Amino acid sequence: MSGSLGSAPLPPLAPDDHVLGAGDGPPLIVYADYECPYCAALHARLIAGDERWAFRHFPVRSKHPRAWAAACAAEAAALQGAFEPMHMALYADQARLEDPHLWERARRLGLDVERFDADRRSEQVLARVRRDFESGVRAGVVTTPTVFDDGALQPDR
Amino acid sequence: MSVVAAGTPAPDFTLRRGDGSKFTNADLVGQTTVLVFYPFAFSPVCTDQLNLYEEVLDQFAVQGATLYGVSCDSTWTQTAFKDRLGVTIEQLSDFEPKGATCRAFGVYHEKGGMPQRALILIGPDGVVQWSWEGEHPGVLPGANLIFDALAARA
(Lines give C-alpha, C1' and ligand atoms only; values in the text may rest on other atoms or scores of the structure.)
Protein backbone atom coordinates (compact mmCIF):
# COMPACT_ATOMS: atom_id res chain seq x y z
CA MET A 1 0.00 0.00 0.00
CA SER A 2 1.17 3.49 -0.63
CA GLY A 3 0.03 6.98 0.25
CA SER A 4 -3.02 7.99 2.19
CA LEU A 5 -6.22 6.01 2.14
CA GLY A 6 -8.31 8.98 3.27
CA SER A 7 -11.49 9.95 1.45
CA ALA A 8 -11.21 10.98 -2.18
CA PRO A 9 -13.77 11.27 -4.96
CA LEU A 10 -14.31 8.30 -7.23
CA PRO A 11 -11.71 8.59 -10.01
CA PRO A 12 -13.40 9.25 -13.35
CA LEU A 13 -13.02 6.82 -16.18
CA ALA A 14 -9.36 6.50 -17.17
CA PRO A 15 -7.99 5.45 -20.58
CA ASP A 16 -6.65 2.23 -19.07
CA ASP A 17 -9.84 1.29 -17.23
CA HIS A 18 -11.25 -1.99 -18.47
CA VAL A 19 -14.55 -1.13 -20.13
CA LEU A 20 -16.78 -4.05 -21.02
CA GLY A 21 -20.19 -4.49 -22.61
CA ALA A 22 -21.99 -2.81 -25.45
CA GLY A 23 -23.78 0.49 -25.86
CA ASP A 24 -22.52 4.02 -25.93
CA GLY A 25 -23.74 5.53 -22.68
CA PRO A 26 -21.32 6.38 -19.88
CA PRO A 27 -20.32 3.12 -18.23
CA LEU A 28 -21.14 2.03 -14.72
CA ILE A 29 -18.07 1.66 -12.54
CA VAL A 30 -17.96 -1.70 -10.78
CA TYR A 31 -15.62 -2.63 -7.91
CA ALA A 32 -15.51 -6.41 -7.64
CA ASP A 33 -13.34 -9.46 -7.27
CA TYR A 34 -13.15 -12.78 -9.11
CA GLU A 35 -13.72 -15.02 -6.11
CA CYS A 36 -16.85 -13.27 -4.81
CA PRO A 37 -20.10 -15.13 -5.65
CA TYR A 38 -22.17 -11.93 -5.54
CA CYS A 39 -19.76 -10.43 -8.09
CA ALA A 40 -20.26 -13.45 -10.32
CA ALA A 41 -24.02 -13.00 -10.07
CA LEU A 42 -23.68 -9.33 -11.02
CA HIS A 43 -21.32 -10.31 -13.86
CA ALA A 44 -23.95 -12.71 -15.21
CA ARG A 45 -26.59 -9.96 -15.14
CA LEU A 46 -24.27 -7.46 -16.81
CA ILE A 47 -23.23 -9.71 -19.68
CA ALA A 48 -26.88 -10.56 -20.31
CA GLY A 49 -27.86 -6.89 -20.35
CA ASP A 50 -27.15 -3.94 -22.59
CA GLU A 51 -25.06 -1.77 -20.29
CA ARG A 52 -21.41 -0.86 -20.40
CA TRP A 53 -19.31 -1.11 -17.28
CA ALA A 54 -15.77 -0.41 -16.19
CA PHE A 55 -14.35 -3.18 -14.03
CA ARG A 56 -12.08 -2.21 -11.14
CA HIS A 57 -10.38 -4.67 -8.82
CA PHE A 58 -11.35 -4.83 -5.16
CA PRO A 59 -9.70 -7.96 -3.77
CA VAL A 60 -9.94 -8.58 0.00
CA ARG A 61 -7.72 -11.50 0.87
CA SER A 62 -9.11 -12.51 4.26
CA LYS A 63 -12.51 -12.93 2.62
CA HIS A 64 -11.35 -14.34 -0.70
CA PRO A 65 -7.83 -15.78 -0.49
CA ARG A 66 -7.38 -16.11 -4.27
CA ALA A 67 -8.85 -12.73 -5.21
CA TRP A 68 -5.49 -10.94 -5.48
CA ALA A 69 -3.97 -13.74 -7.56
CA ALA A 70 -6.97 -13.74 -9.88
CA ALA A 71 -6.92 -9.95 -10.25
CA CYS A 72 -3.21 -10.06 -11.09
CA ALA A 73 -3.89 -12.82 -13.64
CA ALA A 74 -6.42 -10.59 -15.38
CA GLU A 75 -3.95 -7.71 -15.46
CA ALA A 76 -1.15 -9.97 -16.72
CA ALA A 77 -3.46 -11.10 -19.52
CA ALA A 78 -4.24 -7.44 -20.23
CA LEU A 79 -0.54 -6.90 -20.98
CA GLN A 80 -1.01 -9.36 -23.83
CA GLY A 81 -4.23 -7.70 -24.98
CA ALA A 82 -6.44 -10.34 -23.40
CA PHE A 83 -8.08 -8.72 -20.39
CA GLU A 84 -11.63 -9.39 -21.49
CA PRO A 85 -11.25 -13.09 -22.36
CA MET A 86 -9.36 -13.71 -19.12
CA HIS A 87 -11.99 -11.78 -17.17
CA MET A 88 -14.71 -13.94 -18.71
CA ALA A 89 -12.71 -17.13 -18.11
CA LEU A 90 -12.18 -16.26 -14.44
CA TYR A 91 -15.88 -15.67 -13.79
CA ALA A 92 -16.78 -18.77 -15.80
CA ASP A 93 -15.29 -21.03 -13.11
CA GLN A 94 -14.76 -19.50 -9.67
CA ALA A 95 -14.02 -22.90 -8.15
CA ARG A 96 -10.73 -23.09 -10.07
CA LEU A 97 -8.52 -20.15 -9.19
CA GLU A 98 -5.31 -21.89 -8.10
CA ASP A 99 -2.09 -21.26 -10.01
CA PRO A 100 -2.36 -24.30 -12.35
CA HIS A 101 -5.90 -23.19 -13.24
CA LEU A 102 -4.63 -19.71 -14.09
CA TRP A 103 -1.84 -21.16 -16.29
CA GLU A 104 -4.41 -23.39 -18.00
CA ARG A 105 -6.60 -20.40 -18.79
CA ALA A 106 -3.60 -18.51 -20.20
CA ARG A 107 -2.72 -21.51 -22.36
CA ARG A 108 -6.29 -21.86 -23.60
CA LEU A 109 -6.39 -18.17 -24.54
CA GLY A 110 -3.20 -18.57 -26.55
CA LEU A 111 -1.11 -16.34 -24.32
CA ASP A 112 2.63 -16.61 -23.81
CA VAL A 113 2.31 -18.53 -20.55
CA GLU A 114 5.83 -17.90 -19.33
CA ARG A 115 5.42 -14.17 -19.81
CA PHE A 116 1.96 -14.30 -18.26
CA ASP A 117 3.38 -16.02 -15.19
CA ALA A 118 6.19 -13.48 -14.80
CA ASP A 119 3.85 -10.54 -15.39
CA ARG A 120 1.23 -11.64 -12.89
CA ARG A 121 3.87 -11.57 -10.15
CA SER A 122 5.38 -8.26 -11.29
CA GLU A 123 5.38 -4.99 -9.42
CA GLN A 124 3.73 -3.32 -12.43
CA VAL A 125 0.71 -5.60 -12.27
CA LEU A 126 0.52 -5.48 -8.49
CA ALA A 127 0.56 -1.66 -8.64
CA ARG A 128 -2.25 -1.68 -11.22
CA VAL A 129 -4.49 -3.84 -9.01
CA ARG A 130 -3.56 -1.83 -5.95
CA ARG A 131 -4.48 1.40 -7.75
CA ASP A 132 -8.01 0.13 -8.28
CA PHE A 133 -8.30 -1.20 -4.74
CA GLU A 134 -7.07 2.00 -3.13
CA SER A 135 -9.32 4.20 -5.26
CA GLY A 136 -12.23 2.08 -4.05
CA VAL A 137 -11.24 2.34 -0.39
CA ARG A 138 -10.90 6.11 -0.74
CA ALA A 139 -14.34 6.34 -2.38
CA GLY A 140 -15.86 4.42 0.55
CA VAL A 141 -16.20 0.96 -0.97
CA VAL A 142 -16.52 -1.67 1.78
CA THR A 143 -18.12 -4.67 0.17
CA THR A 144 -18.22 -6.33 -3.22
CA PRO A 145 -19.63 -5.79 -5.66
CA THR A 146 -20.07 -2.03 -5.37
CA VAL A 147 -21.49 -0.19 -8.36
CA PHE A 148 -21.28 3.51 -9.13
CA ASP A 149 -23.70 4.96 -11.65
CA ASP A 150 -22.79 8.45 -12.82
CA GLY A 151 -20.47 8.70 -9.82
CA ALA A 152 -23.11 7.77 -7.25
CA LEU A 153 -22.82 4.61 -5.20
CA GLN A 154 -25.74 2.29 -5.94
CA PRO A 155 -26.79 0.20 -2.97
CA ASP A 156 -27.93 -3.37 -3.46
CA ARG A 157 -26.60 -3.95 -6.93
CA MET B 1 -28.24 8.15 23.60
CA SER B 2 -25.56 8.92 21.09
CA VAL B 3 -21.93 8.10 20.69
CA VAL B 4 -19.39 9.94 22.87
CA ALA B 5 -18.14 13.10 21.19
CA ALA B 6 -14.61 14.17 20.39
CA GLY B 7 -12.90 15.89 23.31
CA THR B 8 -14.56 13.68 25.90
CA PRO B 9 -12.32 11.49 28.07
CA ALA B 10 -13.10 7.82 27.48
CA PRO B 11 -15.49 6.63 30.21
CA ASP B 12 -14.39 3.95 32.68
CA PHE B 13 -14.98 0.59 31.06
CA THR B 14 -13.99 -3.05 31.20
CA LEU B 15 -13.98 -5.40 28.23
CA ARG B 16 -12.65 -8.96 27.95
CA ARG B 17 -9.87 -10.03 25.63
CA GLY B 18 -9.91 -13.38 23.85
CA ASP B 19 -7.95 -14.98 26.69
CA GLY B 20 -10.43 -13.72 29.28
CA SER B 21 -8.18 -10.99 30.67
CA LYS B 22 -9.45 -7.45 31.14
CA PHE B 23 -9.08 -4.57 28.69
CA THR B 24 -9.69 -1.24 30.43
CA ASN B 25 -8.89 2.48 30.21
CA ALA B 26 -5.37 1.64 31.34
CA ASP B 27 -4.82 -0.20 28.05
CA LEU B 28 -5.58 2.96 26.06
CA VAL B 29 -2.68 4.90 27.52
CA GLY B 30 0.22 5.49 25.17
CA GLN B 31 -1.41 4.12 22.04
CA THR B 32 -3.87 5.36 19.44
CA THR B 33 -6.90 3.09 19.63
CA VAL B 34 -9.79 2.57 17.25
CA LEU B 35 -12.75 0.72 18.77
CA VAL B 36 -14.87 -0.82 16.03
CA PHE B 37 -18.30 -1.57 17.51
CA TYR B 38 -20.33 -4.03 15.45
CA PRO B 39 -23.77 -5.55 16.10
CA PHE B 40 -23.15 -9.31 15.97
CA ALA B 41 -20.42 -11.81 15.22
CA PHE B 42 -21.18 -13.85 12.09
CA SER B 43 -23.66 -11.39 10.63
CA PRO B 44 -22.82 -10.97 6.94
CA VAL B 45 -22.47 -7.20 7.01
CA CYS B 46 -20.06 -7.18 9.97
CA THR B 47 -17.96 -9.69 8.11
CA ASP B 48 -17.30 -7.40 5.16
CA GLN B 49 -16.36 -4.50 7.39
CA LEU B 50 -13.69 -6.36 9.38
CA ASN B 51 -12.32 -8.07 6.27
CA LEU B 52 -11.77 -4.70 4.62
CA TYR B 53 -10.05 -3.22 7.68
CA GLU B 54 -7.84 -6.30 7.83
CA GLU B 55 -6.81 -5.71 4.22
CA VAL B 56 -5.43 -2.25 5.08
CA LEU B 57 -4.18 -3.09 8.57
CA ASP B 58 -0.59 -2.34 7.56
CA GLN B 59 -1.66 1.21 6.71
CA PHE B 60 -3.36 1.62 10.08
CA ALA B 61 -0.09 0.46 11.64
CA VAL B 62 1.80 3.12 9.66
CA GLN B 63 -0.53 5.65 11.26
CA GLY B 64 0.23 4.16 14.67
CA ALA B 65 -3.35 3.04 15.20
CA THR B 66 -4.45 -0.24 16.78
CA LEU B 67 -7.92 -1.52 15.90
CA TYR B 68 -10.16 -3.65 18.11
CA GLY B 69 -13.52 -5.19 17.27
CA VAL B 70 -16.11 -4.80 20.05
CA SER B 71 -19.44 -6.59 20.37
CA CYS B 72 -21.66 -8.09 23.06
CA ASP B 73 -20.83 -11.62 21.93
CA SER B 74 -18.92 -13.88 24.32
CA THR B 75 -15.15 -14.23 23.91
CA TRP B 76 -15.67 -17.78 22.63
CA THR B 77 -17.98 -16.59 19.90
CA GLN B 78 -15.66 -13.72 19.01
CA THR B 79 -12.68 -16.05 18.78
CA ALA B 80 -14.58 -18.41 16.49
CA PHE B 81 -15.71 -15.43 14.41
CA LYS B 82 -12.16 -14.08 14.13
CA ASP B 83 -10.85 -17.48 13.07
CA ARG B 84 -13.62 -17.92 10.54
CA LEU B 85 -12.91 -14.53 9.00
CA GLY B 86 -9.18 -15.08 8.95
CA VAL B 87 -8.60 -11.66 10.51
CA THR B 88 -6.03 -10.72 13.12
CA ILE B 89 -7.91 -7.70 14.54
CA GLU B 90 -8.24 -8.38 18.27
CA GLN B 91 -11.78 -8.80 19.55
CA LEU B 92 -13.06 -7.40 22.85
CA SER B 93 -16.20 -8.70 24.52
CA ASP B 94 -18.89 -6.66 26.28
CA PHE B 95 -20.79 -9.80 27.28
CA GLU B 96 -21.21 -9.50 31.06
CA PRO B 97 -22.61 -7.26 32.35
CA LYS B 98 -24.03 -7.16 28.89
CA GLY B 99 -23.52 -3.94 26.98
CA ALA B 100 -22.09 -1.98 29.95
CA THR B 101 -19.18 -0.63 27.92
CA CYS B 102 -21.39 0.03 24.91
CA ARG B 103 -23.72 2.04 27.13
CA ALA B 104 -20.80 3.97 28.62
CA PHE B 105 -19.68 4.95 25.11
CA GLY B 106 -23.26 5.72 24.05
CA VAL B 107 -23.49 3.08 21.36
CA TYR B 108 -25.86 0.51 22.87
CA HIS B 109 -28.93 -0.30 20.81
CA GLU B 110 -31.49 -1.01 23.54
CA LYS B 111 -34.13 -2.67 21.38
CA GLY B 112 -31.65 -4.79 19.49
CA GLY B 113 -29.58 -5.75 22.53
CA MET B 114 -26.45 -5.03 20.54
CA PRO B 115 -23.93 -2.29 19.81
CA GLN B 116 -24.79 0.25 17.17
CA ARG B 117 -22.30 0.17 14.36
CA ALA B 118 -19.83 2.80 15.56
CA LEU B 119 -16.20 3.83 15.43
CA ILE B 120 -14.37 5.59 18.25
CA LEU B 121 -10.83 6.92 17.90
CA ILE B 122 -9.10 7.44 21.24
CA GLY B 123 -5.75 9.20 21.63
CA PRO B 124 -2.81 8.06 23.76
CA ASP B 125 -4.09 10.37 26.54
CA GLY B 126 -7.38 8.47 26.76
CA VAL B 127 -9.43 11.27 25.20
CA VAL B 128 -11.85 10.58 22.35
CA GLN B 129 -10.52 12.25 19.20
CA TRP B 130 -13.27 11.27 16.80
CA SER B 131 -16.38 9.17 16.70
CA TRP B 132 -18.83 7.91 14.12
CA GLU B 133 -22.17 6.20 14.42
CA GLY B 134 -24.22 4.71 11.57
CA GLU B 135 -27.76 5.94 10.97
CA HIS B 136 -28.72 2.27 11.18
CA PRO B 137 -26.68 -0.92 11.62
CA GLY B 138 -26.74 -1.61 7.87
CA VAL B 139 -24.56 1.41 7.11
CA LEU B 140 -20.96 0.29 6.68
CA PRO B 141 -18.23 2.82 7.45
CA GLY B 142 -15.44 2.71 4.91
CA ALA B 143 -11.82 2.51 6.03
CA ASN B 144 -11.39 5.96 4.43
CA LEU B 145 -13.35 7.54 7.30
CA ILE B 146 -10.86 6.22 9.86
CA PHE B 147 -7.90 7.38 7.76
CA ASP B 148 -9.51 10.83 7.51
CA ALA B 149 -9.82 10.96 11.29
CA LEU B 150 -6.23 9.82 11.77
CA ALA B 151 -5.00 12.46 9.32
CA ALA B 152 -6.98 15.17 11.10
CA ARG B 153 -5.17 14.57 14.41
CA ALA B 154 -2.07 16.58 13.55
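Throughout what follows, the structure given in this document is the object of discussion.

Rules used in this analysis
- Residues numbered from 1 in each chain as written.
- Chains lettered and ligands numbered in written order.
- Predicted model: local features only at pLDDT ≥ 70, side-chain atom pairs only at ≥ 80, totals over all residues.
- Contact = placed C-beta atoms within 7 Å.
- Helix = DSSP H or I, 4+ residues; strand = E, 2+ residues; numbered from the N terminus.
- Nonpolar A, V, L, I, M, F, W, Y, C, P; charged D, E, K, R; others polar.
- Buried ≥ 20, exposed ≤ 12 C-beta atoms within 10 Å, placed from the backbone.
- Arc of directions from axis to C-beta.
- Pairing = 2+ DSSP bridges.
- Core = buried A, V, L, I, M, F, W, Y, C linked by C-beta atoms within 7 Å.

### Regarding the interface of chain B and chain A
- On the side of chain A, 15 residues touch chain B, which itself brings 19 residues to the contact.
- Elements represented by at least two residues in the side of chain B that touches chain A include exactly helix H1 (44-55), helix H2 (57-62) and helix H5 (143-151) of chain B.
- Among the elements that line the side of chain B that touches chain A, the one with the most residues is H1 of chain B, at 6 residues.
- Tallied by class, the residues present in the side of chain B that touches chain A amount to 8 nonpolar, 6 polar and 5 charged.

### Thoughts on helix H3 (residues 75-85) of chain B
Residues and elements named next belong to chain B.
- Residues Gln78, Phe81 and Leu85 constitute the buried set of H3. The buried residues of H3 all sit within an arc of 60 degrees when viewed along its axis, so they share a single face. Turned more than 90 degrees off the buried face of H3, the exposed positions are Asp83 and Arg84.

### Here's the deal with the pairing of strand E3 (residues 32-37) of chain B
Residues and elements named next belong to chain B.
- Of all 6 residues in E3, 5 are buried, a share of seventy percent or more.
- Judged from the 6 bridges that link them, E3 and strand E4 (residues 65-71) form a sheet pairing that is parallel. Of the residues in E4, the one forming a bridge with leucine 35 is tyrosine 68.
- Two strands pair when backbone bridges link them, and E3 and strand E8 (residues 118-122) are joined in this way by 5 bridges, in the antiparallel orientation. Paired with threonine 33 across the bridge in E8 is isoleucine 122.

### Thoughts on unusual backbone geometry
- Across the junction of threonine 144 of chain A and proline 145 of chain A, the peptide omega takes the value -5 degrees, indicating a cis bond.
- Within the secondary structure, proline 145 of chain A sits in the loop between helix H6 (123-138) and strand E4 (146-149).
- Residue proline 97 of chain B is reached from glutamate 96 of chain B by a cis peptide bond, and omega for that bond is -5 degrees.
- Secondary-structure assignment places proline 97 of chain B in the loop between strand E5 (90-93) and helix H4 (100-104).
- Its identity as a non-glycine residue notwithstanding, aspartate 150 of chain A has a phi of 55 degrees, on the positive side.
- Considering the arrangement of structural elements, one finds aspartate 150 of chain A in the loop between E4 and strand E5 (152-154).
- Exposure remark for aspartate 150 of chain A: the 9 C-beta atoms within 10 Å place this residue in the exposed category.
- For phenylalanine 42 of chain B, which is not glycine, the phi dihedral falls at a positive 75 degrees.
- In this fold, phenylalanine 42 of chain B is placed in the loop between E3 and H1.
- For phenylalanine 42 of chain B, a count of 13 C-beta atoms within 10 Å gives the class partly exposed.

### Quick word on the nonpolar core
- Residues Ala73 of chain A together with Val36 of chain B are the most contacted members of the largest nonpolar core, which totals 83 residues.
- By residue number, the principal contributor to this core is helix H2 (residues 67-78) of chain A, which donates 10 residues.
- Setting aside residues up to four positions removed in sequence, alanine 73 of chain A forms contacts with Met86, Leu90, Leu102 and Arg120 of chain A.

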